[in-house]
Amino acid sequence: EAGVTQFPSHSVIEKGQTVTLRCDPISGHDNLYWYRRVMGKEIKFLLHFVKESKQDESGMPNNRFLAERTGGTYSTLKVQPAELEDSGVYFCASSQDRSDNEQFFGPGTRLTVL
Amino acid sequence: DAKTTQPPSMDCAEGRAANLPCNHSTISGNEYVYWYRQIHSQGPQYIIHGLKNNETNEMASLIITEDRKSSTLILPHATLRDTAVYYCIVRVARVRTSYDKVIFGPGTSLSVIP
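In short, a report on the structure.

The rules behind each value
- Here the residue index of a chain counts from 1 through its sequence in written order.
- Labels follow written order: the first chain is A, the first ligand is 1, and so on.
- Selection of residues for local features in this predicted model requires a pLDDT of at least 70, selection of side-chain atom pairs for listing and counting requires 80 or more, and totals for whole chains, interfaces and linings are taken over all residues.
- Hydrogen atoms and water are omitted, and side-chain values are computed over all heavy atoms in the structure.
- We call two residues contacting when some pair of their heavy atoms lies within 4.5 Å.
- Computed with a 1.4 Å rolling probe, the buried area is the accessible surface lost when two parts are put together, summed over both parts.
- Whenever Lys or Arg places a side-chain nitrogen within 4 Å of a carboxyl oxygen from Asp or Glu, that contact is recorded as a salt bridge.
- Side-chain atoms alone can form a polar contact between residues adjacent in sequence; in general such a contact is a pair of N or O atoms within 3.5 Å, and within protein one must be able to donate a hydrogen while the other accepts it.
- Only runs of H or I of at least four residues qualify as helices and only runs of E of at least two qualify as strands under DSSP, and these elements are numbered from the N terminus.
- Put simply, buried Ala, Val, Leu, Ile, Met, Phe, Trp, Tyr and Cys residues joined by side-chain atoms within 4.5 Å make one nonpolar core.
- Relative accessibility under 20% of the residue-type maximum defines a buried residue, over 50% an exposed one, and the middle range a partly exposed one, all with a 1.4 Å probe and only protein chains included.

Attention now goes to the interface of chain A and chain B. Taken together, the contact between chain A and chain B spans 25 residues of the former and 22 residues of the latter. Carbon and sulfur atoms supply 52% of the area that chain A and chain B bury against each other, a total of about 1900 Å² over both sides. Our enumeration of links across chain A and chain B arrives at one salt bridge. Among the ionic pairs, Lys101 of chain B bridges to Asp56 of chain A, the shortest N-O distance being 3.1 Å. Here chain A is connected to chain B by five residue pairs in polar contact (both at pLDDT 80 or more). Within the residue set of the side of chain A that touches chain B, elements represented by two or more residues are strand S4 (31-38), strand S5 (44-50) and strand S6 (53-56) of chain A. A per-element tally of the side of chain A that touches chain B places S4 of chain A first, with four residues.

So, in structure tokens, the structure goes:
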């Protein structure tokens, strides 16, 4: 079974540009999460999808970040316009609807904003 | 979610058991203890979780004290590949709610030494 995949693995952009990160969850997982770790900080939750609906977006830092999950399969996270402080590693995770709610994480996308 | 306290770093000799402690004195009755780890440049990886009974799987054992205020993750025969940051997290296992997110602390950086 394929795990959670993320694309690209690394993105380098200039301040003010737009970047779109993609996450493909494990097939059949209704829950999809985005997290990020910025330099020197802890991993922080961004938002949670249940199928195509946003269950919790309390961790989204500001309106420059837009997450979508059309059709309830893969998800995209767009940053527009990117700022220097957006640099970090963005992780995606998915889980089934089970009481133990084990979350499987992808390898992450390293975003560098210059 | 209740907070946890872990030592910032630990060393362990290769082949020996690694015992990683975690304090969670304010844990609630319906909160589980989860352990994740993050190997350098990879996404977080689920290890094990438990409510009040000790648990064992192919990766590790989890020992939870009777009062549930602390726990220990045991890697029975640590290898160099176990070098990682280990996160102890307590959370309610309640799907499709805002409790789903994983709240990461600083964790314990475990170094397995040859």
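This next bit is on the nonpolar core. All names here are of chain B. The biggest cluster of nonpolar side chains holds 22 residues, and the ones touching the most others in it are Leu20, Trp35, Leu73, Leu75, Tyr86 and Leu110. Those elements that place two or more of their residues in this core are strand S2 (18-23), strand S3 (31-38), strand S4 (45-50), strand S6 (61-64), strand S7 (70-75), strand S8 (84-92) and strand S9 (108-113). Examining the composition of this core, we find that four residues originate from one element, S8, more than from any other. For Leu75, the residues in contact, after removing those within four places along its chain, are Arg16, Ala17, Ala18, Leu20, Met59, Ala60, Asp82, Tyr86 and Leu110.

With respect to the element layout, Phe91 of chain A can be found in strand S9 (residues 88-95). Along the chain, Phe91 of chain A and Tyr35 of chain A lie 56 residues apart, while their C-alpha atoms are 5.0 Å from each other.

By themselves, these are just geometric observations and shouldn't be taken as functional.
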